[in-house]
Amino acid sequence: MAGSAAMVRNYKQHIARKARREARAYSQPIDSMFARQQQQQQQQQPPPAAAAEENEVEEEEEFMDAINDDANAAGGDGDGGGNNGNNEVGEEEEEEDGGGDDGDDEGTWPPFVREWESKVKDEIDRSVNMTGRGNQRRPMGTFPDKYKGHVSPSNDPYSFFYGENITKEHFALPDLLVWFPEGQYPDFCPHGRPPCKWHNEYECCVSKGWMPVGRRAYAMGRVILVLGRKYECNLRKDEGKECRFRNIDIEVINKSHDYIRLQWMKIGFDFSHRAGISNRDLQLSRRCLVQGLSVSGFKHVMEQAAKQRHLIISGQYRAWTETLNPNLARSPEEVRQMRRQPFYEFESAEYNQTDASTSYLLSRLVLLMESSNEYKERRMQMMDGVHLSGDHSFKIVRVCVSRDKPFTAAYCLLNEFSQVVAWWLTTGTGMDELEEPLQKLSERYNIHGFDRPRSFTTDRCCQERGFWNGVFGSMNDDAAAENAHLLPGDTDEIEVVQPPHSARCAYKEDVAGVLVGEIASYLANEPSERQVIAVDGEWRIGSSKMDLLIIGLLSGQVYLFHLAEICRNGAQFPLALKSLLEDPNVGKVGNRIHHDVSKLKSWGVKLASDIELGHVAFDRCVSPTRAPSVPFLVDRLYPGVTVEGKDVSAGASVRTSNWHKAPLTPEQLHYANCDGYVHALLYLRLMQFMNPRVEGKINRCDVVDGMKVVLYLPGFKNRVAMGVIRGMQNNKKVAVEIDLAQAECKSAIVHTVNDDGSTEEEGKSIHSLCSNLGEGESSIIKICWELLYCRRSRVGEDAPIEINTRTKQVVIDDNDGEDEEVRAQNYDGDDEANNGSVSSSSSDGENDNRTSLSRNLRRRLHQLRKERVKNDIEHIFLRFQRVLSKEHGAYYSFITSLRDAMFVLNDDDLEECLEVLREKRGKSDEEIAKMMAHDFGWFLRRVRRLVPSPRDLEKRYMEVYDAHKDIICQKSGKKLFGTKEAIAQHRSTLKHIRRNCISDIPFVTYYTPLKRDKDGLMRWRCHRGTSQNEGLHQKLRQLIRGFSNSPRFLCAVIAEYLLQWNQDIDVRVRGLPSKYYGLYDGVLLEDEIEKLAKNLDEPPHPEWIPTSSVQSTGETFGIIHTQTDIADYESDDAALIMLAEEAAGELSDDEADGGIDHHVAQMPKMPASSQWLATLNGRLRPFERVRGHDEWAYFEEHFLDYHGNGGGADNHSSINWSAFANDWNQMVDGLGQTKPSMTYKSASHLQQAYKSMVKRRRQQATLRSHNETLRELNEQHTNAATRAQFLPQFAPPVQATTAQPFVDAVMNIEEAPVEQPLTYDDDMEDVPTASKPKKKRVHRCRKCGRPYADKAWKHLHVLPAAAGAGNLRNQNGVVTKVWEYCRVPPEQYDTGFPCLEGRMPQPKKRR
């Protein structure tokens, strides 16, 4: 009975093994095999055999395995190693269903390898002799030495198989690795077994013998046979779950003793369900990849190593057969037959050499690099910087993904030491998608206590200024440090608007309804003429919808409605708020309100009864235009009062911040509160004034002495002043008494009236009359004015409505009376005062150079410090190079003069350099001038430079431009600036100079000292510009050289390279010891630090800061993750990590079982990289380019909604593709399961669709009138008759052959010069672009160490006249030693000289 049960069970096992082999043959996902195995275990669970019948069951199962298995699979699924008669029967039970699911390569090894494998197992079992049960399981013997570590029997079969009958098969055996730590390292395996894969315990683990078939793995030069052991978890077996595991599983090894784990890292393999690759080779490929060798290149290296080894083994076999003599085992005929048979071919099944494919190597390499992603992110989170520079790189991302381009650019943010602070792959060229990651970067500075950034450099300063000010604020230090350069009295007090009430803000629809009810209640108690509300809005630059609605009441109360949050995810606009805005009985007043009307229209709201504040001010002659700014109206109606965020406030960047994000910051709330309050207050104040065109007219008969009037300019262009009539001058003019101090229009020309009633013929401006007033003289005068432009004063007009203000300390640039000579002085925060005549002792003991600057200059420089976003000055030169002709005779003169105008050299550094060149190097002034003209880079590394203030820089630049613009080239006859492009570039440069985009930030250093050179000159590292970003991008482009890389591979490689980049700079620049240079495995280092610290008194590696000791900031780099509302969707990372074609079908267990949301059912249909991207973004549909009728119709209908020139628009376009992509994806989210043809889009997808559409439309418009002619021409060239005419002209094909050189064509091949390796200069500004030439050998004197042949030292090493030049013997044969005639003073000896002690080397004898 037991025998028949065993036969049935073995037959089912054979069927399961056959199904698994078929699954591997057709590349079915491994999850489906696990699912089939689990199903068989549940449905076909055989009854356990009786304990007394176990031996009989084992014999029958081995018999059935031998019958049913293929010939190459001989050996079965039993314990494979024999029982050896020990007490292991109870533990090494025979496996049940699914026991062979080890992923083993059954049937892939040749028969002689399987036979040798069986012998190895038997030999090891006999030698180790494991015995005992449970925790008493121990090896009684020792592990054979010949099988320890990585064994290569084919390297030396004569020695390895000494005493055996060696055959050709012995030379073709694969390498061997036996992983049996219980027998090899019994001291580290006290339980005689590894820990359980699932429970990390030993009690539930039961040994099941050897793996039936050795695993296949790859190493440099040869395929590896890996033998391991099988184990079973009793607890999971009782639960009916998967219970089998192997001791080569990485989960088991990681839970083992550290010695075993580290030993596996040295000699072990990284296994997948198909094969494995050596850890050593995988780490080597990782390092080669970071150094610029491609994955396919490394694969070719492995292949060449394998073929070279095959040739060597083939030669060894030939040499062995030639020396083989006949003996008892081999007859002479057998020996002759062996000599006539060559060794196995490389591709033969007997040699069995197969290399890992590039895709397989790539998939394992990506997993290895991603295993330390958390460490890399934590390392980058520890980077700081006070001078940041950011730039997009478009060429890097061009190599990513062959079909769709999910990214547009790579954005890298570097600090002043060229270390990467953060990096991301962006879908557009705008900055909106970087706002959230950069907010976390700003939080990093707060969490770690870093000094705040002082400057930011980009090549798009004007477009990104508002963005960066919104992210980092003013990028200033604390107030004390920011104002440290000011002296007492440099600040001024100003009055700023302070709303009387706090703003009330609504983020939800129900709260919005409550606030609308409060507004309606207020309006119901007001008379009809006061039923007016102030309306204003805020939105992100480039957005088509209003994000924040501001409503101000005439009482001073302000209400805020965050529409972006209230109407989130397609929610409806609040009906109560919509009804209020569309009510025609309530006036809506606002400045430039047409913008708010258009933004509200996007929400479906038609604003009714809108009142333009600028029109009201123009009608009342308060503003000369119909669109004045709010600060202008405030200053006109309330002189001396300003509004924060619009003029002088330090928080002016709040206006351009992200209003879409909720909740609002305190700065945003205050700004919006001021905005609503000021609009309502200005309306009330303007309504106090009359409209002079329709009211207040005075007739001649109505004129009364003492009548209060308002004077206007002719044409009612502006209000002049308020006054009192003092009689008629003639029929058309009256005498009016005004106060000059209270006049509103200082530029108005007036004619004064004398005491005798006469009028001055020459008119004077009110400003000049005020300036001519003496001390104590009254400002009230009598003027003559036309009665036509006088209006009766309205009651209460001279009593303005009060405005709430508060006092604030600010610094205002005052240029009046500034000394021109002092203003022209250059400043540098690192140097002493320019004149040095006035100095005082500061608190830190250093000289205080602030008093050397005038008060006005200090105040002006303080204003310049507020501008921290700068343009890369190198791009200014590059743009001129693109628009100016290099063939023009004045081109190089202009570029050199522009360089000298832009940069002011530090005089102290320059004088030190000139002194060295004159005294130590003996150069004349003419030679120094040539050196500055042709080798200015030498000075750049040793002389600091300053970019002057905007005023000085504009003057210097215009002098250069005026001197060169009209120069006519003698060759072309054209002016240097004779093209429109050149003029446009000139205007752009002038605009950047005036906007303070180029000048250095005052009192901020841009240089870091590196080290002194051999002449004692300090070498400086400059932090100005984005040149370091360009250098990094060039390195990355050299690193990523393919054209169809997966985005995941791209992220992994860049993250790996940037880790090494930052760490190497830490060593070279920031003082980290040199032993950490080029260190890759920081994870292993920090693991050792943590474990060594428990036993050592002093912490190991004190210079290294472990990531575990630093708080995580939560930042992520690479791909920017987006969050969506997908419920209960957690993707197993293993489902999407296989980028190679061989492993692209692997899915997670949840996906294979259908246990996830049915929306994701279409994800397996996508490529692996698309699945990965969709999962990272939390999307249920793929990201694809615009295709299909529905998508093109939606695109053409809505792309113009995002048209505009706002700061959110992307490069080279006026359309905000990032905002369009966000709205598109929100639309797709709302579709649910409908319209599966609509997929997600990135900004780059939409931009590419726009280019395709423009190209298609342009082509249609161009060819419209030529379509018929082109169609006829195409038909004429492609018809059958034409093809038949040219058919006889085709030459017959020739079969390709291998080219063979002629025997007598012998060529003398010269040895190619060896290219020197690339070397890095210590100064990061000069990155070499090619190999340096081999340096000429310099002969030095052994006494002073100086080059005695150099002209600077030649006169101090004069040899006797008899000695020839360069010879050490004279004509008489007496040795002439150079050092004996050295006359260099001892104080000028080089370091380490003289070296005359001991035995001197004698001159070489000449032949």
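Scroll up to find the structure.
Sequence order as written defines residue numbering, which begins from 1 separately in each chain. In keeping with the model being predicted, local features are shown solely for residues with a pLDDT of at least 70 and side-chain atom pairs are shown and tallied solely at 80 or more, while totals for entire chains, interfaces and linings include all residues. Computation of side-chain values: all heavy atoms of the structure, hydrogens and water removed.

## Thoughts on helix α10 (residues 258-267)
Point 1. Relative accessibility under 20% of the residue-type maximum defines a buried residue, over 50% an exposed one, and the middle range a partly exposed one, all with a 1.4 Å probe and only protein chains included. Numbering goes from the N terminus for both helices and strands, where a helix is a DSSP run of H or I of at least four residues and a strand is a run of E of at least two. All buried positions along α10 are accounted for by I260, R261, Q263 and W264. In a view along the axis of α10, the buried residues occupy a sector of 160 degrees, so they form one face of it.
Point 2. Should any heavy atoms of two residues lie within 4.5 Å, those residues are considered in contact. Buried positions along α10 lie against β4 (175-178), α7 (181-184), α9 (250-254), β10 (269-271), α11 (279-290) and α38 (1082-1092). Within this analysis, the arc is defined by the directions that extend from the helix axis to the C-beta atoms.

## Quick notes on a negative patch on the surface
Point 1. Candidates for patches are residues over 30% relative accessible area with no salt bridge; among them, like charges are joined within 9 Å and nonpolar side chains (Val, Leu, Ile, Met, Phe, Trp, Tyr) within 5 Å. In these tables, accessible area is a Shrake-Rupley quantity obtained with a 1.4 Å probe, and a residue counts as shielded only by the protein chains included in the view. Salt bridges are defined by distance alone: a side-chain nitrogen of Lys or Arg within 4 Å of a carboxyl oxygen of Asp or Glu. In this count, Lys and Arg are taken as positive residues and Asp and Glu as negative ones, while His and the chain termini are left out. Here the site of a charge means atom NZ of a Lys, CZ of an Arg, CG of an Asp or CD of a Glu. Taken together, the side chains of D907, D908, E911, E912, E915 and E919 define an acidic patch exposed on the protein surface.
Point 2. You can see E912 is positioned in helix α31 (residues 907-920).

## Considerations on the sheet that holds strand β34 (residues 869-871)
Point 1. With mixed pairing, 6 strands are arranged side by side in an open sheet as β34-β15-β12-β13-β14-β39. Pairing within the sheet leaves two strands with one partner each, and these edge strands are β34 and β39 (1118-1119).
Point 2. Sheet topology note: the strand β13 (residues 409-414)/strand β14 (residues 420-426) ladder contains 6 bridges and is antiparallel. Pairing of Y411 across the sheet is with W424, part of β14.
Point 3. Seen against the sheet, helix α36 (residues 1027-1039) touches β12 (387-393), β13 and β14 and runs at an angle of roughly 40 degrees to β12.
Point 4. Fitted lines through C-alpha atoms serve as axes, helices being fitted only where they are in contact, and the angles separating the N-to-C directions of these axes extend from 0 to 180 degrees. Contacting β14 and β39, helix α37 (residues 1047-1068) runs over the sheet at an angle of about 165 degrees to β14. Strand pairing follows a simple DSSP-based rule, namely that at least 2 bridges must link the two strands.

## Considering the environment of I551
Point 1. Checked against the element boundaries, I551 lands in strand β19 (residues 548-552).
Point 2. The exposure class of I551 is buried, given its relative accessible area of 0%.
Point 3. Along the primary structure I551 and Y677 are separated by 126 residues, whereas in three dimensions their C-alpha atoms are 8.8 Å apart.
Point 4. Apart from residues lying up to four places away in sequence, I551 is in contact with I519, I533, A534, Q557, V558, Y559, F561, L577, L580 and L581.

## Looking at the pairing of strand β27 (residues 749-752)
Point 1. Only one face of β27 is covered, namely the face carrying V750 and T752; the face carrying I749 and H751 is uncovered.
Point 2. For β27 and strand β28 (residues 764-765), the ladder comprises 2 bridges, and the chain directions are antiparallel. Residue pairing for β28: I749 is matched across the bridge by S765.
Point 3. Here 2 bridges tie β27 to strand β29 (residues 780-786), and the two strands are oriented antiparallel to one another.

## Looking at α38
Point 1. Within the sequence span of α38, burial applies to G1082, L1085, E1086 and I1089. Down the axis of α38, the buried side of the element spans an arc of 95 degrees, and every buried residue falls inside it.

## Some words on the pattern of salt bridges
Point 1. In total, this model carries 47 salt bridges according to the counting rule given.
Point 2. With a shortest N-O distance of 3.9 Å, D249 and K197 are connected by a salt bridge. With D249 in the loop between β9 (244-246) and α9 and K197 in the loop between α7 and β5 (205-210), the pair connects residues that are 52 residues apart, well separated along the chain. Of the two residues, D249 and K197, both sit in the buried class.
Point 3. The network of salt bridges with common partners includes D258, R261, D1087 and K1091.

## Considering the side chain of E416
Point 1. Here E416 is to be found in the loop between β13 and β14.
Point 2. Buried and unpaired, E416 has R1070 as its nearest opposite-charge partner, separated by 5.7 Å.
Point 3. Excluding anything up to four places from it in sequence, E416 contacts G385, V386, H387, R1021, H1023 and Q1028.

## What to know about the nonpolar core
Point 1. Among the nonpolar cores identified, the biggest contains 90 residues, and W423 and W468 are the most heavily contacted of them.
Point 2. In terms of residue count, α37 provides more of this core than any other element does, 11 residues in total.
Point 3. For W423, the residues in contact, after removing those within four places along its chain, are M380, Y411, C412, C1051, I1054, A1055, L1058, F1117 and G1118. Throughout this description, the term nonpolar core refers to a set of buried Ala, Val, Leu, Ile, Met, Phe, Trp, Tyr and Cys residues connected via side-chain atoms within 4.5 Å.

## Things to note about the sheet that holds strand β21 (residues 587-590)
Point 1. Judged by pairing direction, the sheet is mixed, and its 6 strands sit side by side in the order β17-β20-β19-β18-β21-β22 without closing on themselves. Of all strands in the sheet, those bounded by a partner on one side alone are β17 (504-506) and β22 (610-612). Here the strands of the sheet are splayed against their neighbours by 25 degrees on average, with no regard to which way each runs.
Point 2. As paired strands, strand β18 (residues 532-538) and β19 are joined by 5 bridges and run antiparallel to one another.

## Here's the deal with the packing of α10 against α38
Point 1. Contact geometry for α10 and α38: axes closest at 14 Å, N-to-C directions at 165 degrees. Classified by the interaxial angle, the pair formed by α10 and α38 is roughly antiparallel. Once α10 is placed against α38, the crossing between them reads as left-handed. Where α10 abuts α38, its residues D258, R261, L262 and M265 lie against L1084, D1087 and K1091.
Point 2. Side-chain classes follow a simple rule in which Ala, Val, Leu, Ile, Met, Phe, Trp, Tyr, Cys and Pro form the nonpolar group, Asp, Glu, Lys and Arg form the charged group, and the remainder, Gly included, forms the polar group. Partitioned by chemical class, the residues of the contact of α10 with α38 number 3 nonpolar, no polar and 4 charged. For this classification, under 35 degrees means roughly parallel, over 145 means roughly antiparallel, 65 to 115 means roughly perpendicular, and everything else is oblique. Left-handed describes a crossing whose near helix is turned anticlockwise from the far helix through less than a right angle; right-handed describes the clockwise counterpart.

## Looking at unusual backbone geometry
Point 1. Residues A662 and P663 are joined by a peptide bond in cis, for which omega reads 0 degrees.
Point 2. Relative to the elements of secondary structure, P663 occurs in the loop between β23 (641-642) and α25 (666-686).
Point 3. Even without being a glycine, S609 presents a positive backbone phi close to 55 degrees.
Point 4. Position of S609 among the secondary structure elements: in the loop between α22 (593-601) and β22.
Point 5. A positive phi angle, near 65 degrees, is found at N996, a position not held by glycine.
Point 6. With respect to the helices and strands, N996 occurs in the loop between α35 (980-994) and β37 (1007-1012).
Point 7. On the basis of relative accessibility, which here comes to 6%, the residue N996 falls in the buried class.

Honestly, it's all geometry; don't read function into it.
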